[in-house]
Amino acid sequence: ANLTYNGAWYHPMQKTIRLLFILLSGAGLLWAQNNWPVYGHGPGHSGWARNDRAFANAGLKHFGLLWKAHLPNKAKSLIALTAPLVAAGVTTAAGVKTLVFTAGSSGTLYAVDAASGKIVWRHRFAPSVPQPYPGMWLCPNGLNATPVIDLRHRIIYVLAADGRLYGLGLGRGSLRWGPVQWVPPYAKTWSLNYAHGWVYTSISQGCGDAASGVYAIRVSQRQRPEIRELLVSNGAPAGVWGRGGPTLAPNGRLYAATGDGPLEPRRGWLGSSIIAATPQGLRRTGYFAPPNWRFLTHYDLDLGATSVAWLSWQRHAWLAAGGKGGTLYLVPTRPLGGADHHTLRQRLRLANDQRAYEAKGIWGALSHWRDAQGREWLYVPVWGPVSKMAPHFPRVIGNTAAGSLMAFRLAHNAKKQVILKPVWMAGGFAVPDPAAIADGLVFALSTGENVQQTQGAAVKSHGHYGTKILSDAQREAHTHHAVLRVLNARTGKLLYQSGGAIATWTHFSGLAVAGGRVFVVDHGSNIYCFGLRP
């Protein structure tokens, strides 16, 4: 069986070697604590910095903004900087440093000194082909996918806007791998993932005429690397656009949620579904579609708006997923979807009673954490007001009208079945981003984004839109500065908020937590470092 360490999955012998290394080297502990190498920290996108103990017993009395740095990047439509990544113990021309990495929408990767905010190096990716059409917020023609770091080989992989994949050395930004044409130029790609010599991404929206699905490339091969695709529709429908991209689980499977589109498995069309595949080869092994998948597709209520969370508790595993429809699903993994492909354990109505295709529901990614007592927690970012059919939360903090962060815990019901039990709900979030967790603390961003997409009816059915898409300028108006909030992971109690420290808003981003510091980016191409002051 495959086992896990620090969010990654390994063969038992690999785990033994890794644990021996930690016991024999103090650097092993540093490796575990001070890195954030992929969106959501690990291949499973949990958002949990599992071994980061920098906040233990320190409290947040001296927590605040340590530095802010502006990067010379020009935003493209709504995108500016990708979610930050962190690597510790990197040998640079100026000595050994902890570096923060973020890629700019205009095509440059920046490596920033985590201690000072100064740029250590930068690498610009010159486009190999011209843009096929002017960009806009649906198809911005910019670098959109958060890179991924291979810590073992000290390489960061970046997918440029023209669809070429680059591997750069962490310390100096020198070219170590590629470039290789991987996906169609100017496709809308999402966060990269990495495991066992393969890099993964997902595609949505049909930008650059790219087909929706999951894409993989074998970077352990330097010459003519193997490329695989798992397409989920006959073109643009059923896009996989959860913030973290495809999820790699400890059971040796890859999972992804798809947007609205046709469901005809025999033809390979898997809209409004959760799909499972083998990571090496992308061979589909199963799928789950909600019983009301036709309704979701008809009203453009994408299930693919969130990345899939893999939860384990008491020797069993479940998948959790949400979407624009505002419903949270808990699905058994053995077999995924059951014999009829529609079997689930639980569904909870959380938001979007209006059936709106914008500004409401569950967006981005679900985060999860296991506390010291072995209990599994799930954190869900919800846009808009709470549903009238939502379950009862024992603790509600703040005004939840504009958005909230909801916390659940895996527990048994009266029938001894495992369910998601509501614990607390924290308001005060204007369009929340996915949460990060470290040492019993939840870090979450109120993004301040204007999430209106169109002028016209907020509800549309398939083929009857009757709306006018807003321009970039209209989307960028009526925004508010983002706010970082820190909550108690068990109770939801607010422990810190950043006030006006962050200058502008942010779109479809994420946090990185490493070594007692929290890194944030905004639409003004600024990067911020919050942490414990000396």
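Starting afresh in each chain, residues are numbered from 1 along the sequence in its written order. Local features are withheld for residues below a pLDDT of 70 in this predicted model, meaning they are given only at 70 or higher, and side-chain atom pairs are given and counted only at 80 or more; totals for whole chains, interfaces and linings count all residues. Excluding hydrogens and water, the side-chain figures rest on all heavy atoms present in the structure.

Enquirer: Is there a simple way to think about the pattern of salt bridges in this case?
Expert: Opposite charge on two side chains allows them to pair when their charged atoms are near. Salt bridge, as applied in this entry: a Lys or Arg side-chain nitrogen positioned within 4 Å of an Asp or Glu carboxyl oxygen. Across all of its chains, the model carries 13 salt bridges by this definition. In this structure, the salt-bridge partner of Glu226 is Arg228, at a minimum N-O distance of 2.7 Å. Each residue is placed in one exposure class: buried if its accessible area under a 1.4 Å probe, protein chains only, is under 20% of its type's maximum, exposed if it is over 50%, and partly exposed if it falls in between. Overall, Glu226 belongs to the partly exposed group, its relative accessible area being 23%. Here Arg228 falls in the partly exposed class, since its relative accessible area comes to 34%. Each of Arg218, Glu226 and Arg228 takes part in a single network of salt bridges with overlapping partners.

Enquirer: Please explain the nonpolar core as it appears in this structure.
Expert: One recurring pattern in soluble globular proteins: nonpolar side chains tend to sit buried together. The nonpolar core is taken to be a set of buried Ala, Val, Leu, Ile, Met, Phe, Trp, Tyr and Cys residues, with the residues joined through side-chain atoms within 4.5 Å. Counting residues in hydrophobic clusters, the biggest one holds 55 residues, and the most contacted among them are Phe63, Phe101, Leu109, Ile156, Phe443, Leu484 and Phe530. Counting 22 residues, the second-largest nonpolar core is a separate cluster that includes Leu311, Trp313, Leu350 and Phe408.

Enquirer: Hey, could you run me through the packing of aromatic side chains in this one?
Expert: Each aromatic ring pair is characterised by the separation of its centres together with the angle its planes make. Pairing of aromatic rings covers Phe, Tyr and Trp, the last counted by its six-membered ring, and requires centre-to-centre distances within 6.5 Å; plane angles under 30 degrees mean stacked, over 60 mean edge-to-face, and any other angle means tilted. Inspection of every chain in the model, using the stated rule, returns 21 aromatic pairs. The interplanar angle of 50 degrees and the centroid separation of 6.3 Å between the aromatic rings of Trp67 and Phe519 together place this pair among those described as tilted. Taken as a pair, Trp67 in strand β3 (residues 63-70) and Phe519 in strand β42 (residues 517-521) lie far apart in primary sequence, 452 residues in all. Classification of Trp67 by relative accessible area gives buried; the value is 8%. Look at Phe519 and you get buried, because its relative accessible area is 1%. Ring geometry for Trp363 versus Phe508: centroids 6.4 Å apart, planes at 50 degrees, classification tilted. Of this pair, Trp363 sits in the loop between β28 (361-362) and β29 (364-365) while Phe508 is found in the loop between β40 (494-497) and β41 (512-514), placing the two residues 145 residues apart along the sequence. Residue class for Trp363 comes out buried when judged on its relative accessible area of 3%. Through successive ring pairs, a cluster of aromatic residues spans Phe55, Phe63, Phe443, Tyr496 and Phe530. Only Lys NZ and Arg CZ are tested; either one counts as a charge over a ring when it is within 6 Å of the ring centre and within 35 degrees of the ring normal. If you follow Arg355 out to its NZ or CZ, it ends over the ring of Tyr299, 4.4 Å from the centre. Secondary structure elements follow DSSP: runs of H or I no shorter than four residues count as helices, runs of E no shorter than two count as strands, and numbering proceeds from the N terminus.

The values reported here are purely geometric and, on their own, carry no functional implication.
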